[in-house]
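In case you want the letters, here they are:
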Amino acid sequence: MTARWHVCRYCDEPIPDPDDAVLVAHEGANSGPGWNIWAHRAHADLVEPDSAAVRILARVLLVQAMRS
């Protein structure tokens with residue numbers, strides 16, 4: 001069995017030590033289960049959310065607020 005390496009979302013470097021990998025998010029997909037987003041333990045607090053998803057959520061919340 002081969003070890004599975006993760007890639008840090010913040011620095012785009014591989015995370016060879018499984019104890020250093022932190023699951024910071026999960027991105028869904030249009031077809032299939034999606035994928036997990038990993039970061040080094042030191043970078044976990046530095047990973048920012050996807051800006052496109054934040055913009056879409058803001059628009060949805062604005063439309064809901066205008067309708068109520």
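Presented here is a report on the structure given in the accompanying data block. (Residues numbered from 1 in each chain as written. Predicted model: local features only at pLDDT ≥ 70, side-chain atom pairs only at ≥ 80, totals over all residues. Heavy atoms only, no water.)

Things to note about the overall build of the chain
Then, in step 1: Helix and strand content of the chain: one helix and four strands.
Then, in step 2: Reading the chain from its N terminus to its C terminus gives the helix and strand order β-β-β-β-α.
Then, in step 3: Since a compact globule built from 68 residues should have a radius of gyration of about 11 Å, the 16 Å found for the chain marks it as more spread out than a globular shape.
Then, in step 4: By principal-axis analysis of the C-alpha atoms, the chain measures approximately 55 × 30 × 15 Å.
Then, in step 5: Counting only residues that meet the buried cut, the chain has 13% of its 68 residues in that class.
Then, in step 6: Sequence-distant contacts in the chain: of pairs separated by 6 or more residues, those separated by 24 or more amount to 28%.
Then, in step 7: Carbon and sulfur atoms provide 56% of the accessible area of the chain, an area that totals close to 5800 Å². (Helix = DSSP H or I, 4+ residues; strand = E, 2+ residues; numbered from the N terminus. Rg over C-alpha atoms; globule rule 2.2 N^0.38 Å. Buried < 20%, exposed > 50% of the residue type's maximum accessible area, 1.4 Å probe, protein only. Contact = heavy atoms within 4.5 Å. Areas by Shrake-Rupley, 256 points an atom, 1.4 Å probe, with all protein chains shown as cover.)

Observations concerning the side chain of H40
Then, in step 1: Within the secondary structure layout, H40 lies in strand β4 (residues 35-40).
Then, in step 2: For H40, a relative accessible area of 13% gives the class buried.
Then, in step 3: Discounting residues that sit within four places of it in the chain, H40 has contacts with C8, C11, E13, P14, I15 and D20.

As for the environment of A52
Then, in step 1: Looking at where A52 falls in the secondary structure, it is placed in helix α1 (residues 51-67).
Then, in step 2: Note: C-alpha distance between A52 and E13 (39 residues apart in sequence) is 23 Å.

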